[in-house]
Amino acid sequence: MPFDLGDNVRLTAECRNAAGVLADASGVTLTITLPDGTTATPAVTNPPLDTGQYRHDYATAQAGRHGVRWVFATPAAAYTDMFDVRLAVPPLILSLADARSHLRITSTSDDQQLREWLESITELVEQFCGPCVRRTVVETHDIPASGVRALALHRTPVLSLVSAVAVLDGGTDYAAADLDADEATGIVRRLDGGRMHGPLRFTYQVGRSVVPANLSSASRIILQHLWRTQYGASRAASGVGGGDDYAVTEPIAGFGYAIPNRALQLMEPHRLPPGVA
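An account of the accompanying structure is given in this report. Being a predicted model, the structure only gives us computed values, none of them experimental.

**Digging into the sheet that holds strand E6 (residues 77–85)**
Link 1 in the chain: Pairing in this open sheet of four strands is antiparallel, and the strands run E3-E2-E5-E6 from one edge to the other. Strand pairing shows two members of the sheet lacking a second neighbour, strand E3 (39–40) and E6, which therefore form its edges.
Link 2 in the chain: Inspection of the sheet shows strand E2 (residues 27–33) paired to E3 by two bridges, in the antiparallel sense. Looking at E3, one finds that Thr-33 is bridged to Thr-39.

**A look at the pairing of E2**
Link 1 in the chain: Pairing geometry for E2 and strand E5 (residues 64–73), over seven bridges, is antiparallel. The partner of Thr-29 across the bridge, within E5, is Val-71.

**Some details on the sheet that holds strand E11 (residues 187–190)**
Link 1 in the chain: One open sheet holds the three strands; their spatial order is E8-E11-E10, and the pairing between them is antiparallel. Each edge of the open sheet carries a strand with a single partner, namely strand E8 (150–152) and strand E10 (179–181). Going from strand to strand, the sheet's axes swing by 20 degrees on average, the running direction of each strand aside.
Link 2 in the chain: Sheet topology note: the E8/E11 ladder contains three bridges and is antiparallel. Looking at the pairing, Ala-152 lines up with Ile-187 of E11.

**Here's the deal with the packing of helix H1 (residues 96–103) against helix H3 (residues 213–227)**
Link 1 in the chain: Between H1 and H3, whose axes approach to 10 Å, the crossing angle comes to 60 degrees. Crossing of H1 over H3 shows right-handed handedness. Residues Asp-98, Ala-99, His-102 and Leu-103 of H1 pack against Arg-220, Ile-221, Leu-223, Gln-224 and Trp-227 of H3.
Link 2 in the chain: Looking at side-chain class alone, the contact of H1 with H3 contains five nonpolar, two polar and two charged residues.

**Describing the packing of aromatic side chains**
Link 1 in the chain: Inspection of the entire model under this criterion finds four aromatic pairs.
Link 2 in the chain: Measuring from centroid to centroid gives 6.3 Å for Trp-70 and Phe-72, while their planes differ by 10 degrees, and the two rings are stacked.
Link 3 in the chain: Owing to a relative accessible area of 0%, Trp-70 belongs among the buried residues under this scheme.
Link 4 in the chain: A relative accessible area of 4% means that Phe-72 is categorised as buried.
Link 5 in the chain: An aromatic cluster is defined as three or more aromatic residues linked by ring pairs; in this entry it consists of Phe-3, Tyr-58 and Phe-83.

Reading the values: the criteria
Residues numbered from 1 in each chain as written. Predicted model: local features only at pLDDT ≥ 70, side-chain atom pairs only at ≥ 80, totals over all residues. Heavy atoms only, no water. Pairing = 2+ DSSP bridges. Helix = DSSP H or I, 4+ residues; strand = E, 2+ residues; numbered from the N terminus. Axes fitted to C-alpha atoms, helices over the stretch in contact; angles between N-to-C directions. Left-handed = near helix turned anticlockwise from the far one by under 90°. Contact = heavy atoms within 4.5 Å. Nonpolar A, V, L, I, M, F, W, Y, C, P; charged D, E, K, R; others polar. Phe/Tyr/Trp six-rings, centres within 6.5 Å; stacked < 30°, edge-to-face > 60°. Buried < 20%, exposed > 50% of the residue type's maximum accessible area, 1.4 Å probe, protein only.

See the structure below:
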């Protein structure tokens, strides 16, 4: 499961000889490939009584996927792994407390798995209804030489426009204060009615200041539906709905069983029109 940014991640590996027996190596190299492509080769420890066992506690400093490779010399061996690190503020449409309450979970032992489900559910809801959690979007728009009086940003709803910067040398930048960005449609216009010339790189904030109750309710239903996979083939735990998948939903074309119809109906008032992300 993903670690939080700033967590210490314990990396471990075993060195075995050709017979498969644990053996101390004459040399050990641990290489961590960070999300930005750079690498780190920290020192590793071999506890005195743990023959052939090596470890390193790595303090995470970047969000994203990390590659891990151990290489041992004499006996020759290698081991490859990976781990993921969450963003400092991961996009969650529901809080952990809300998720626990809805599932009637009273401990924090499932929090890591719950958060991963909540991130997945956030993606599902936003696929249908646009961004719910505040985030920054950067995108480039090619504009005809004659310019345009309006253009549509790709993501909605738009909370605020941060900047509109020329991509090419000698191009014209436009101050955010001189532009109007419609929240619902993402259409941007100059306040003086003039044309915009580009290409332009827009930076803007999307999401919702308050997540509508029907989207929060839909998220809880999806969470309950997906959490039932933790209870084996019968999925009959009374606290999470009981019965089989057909008692909850019928398949939605293109989505299988991940989103119950009752959740889809709750999201309907906020569904994006076709072709809008």
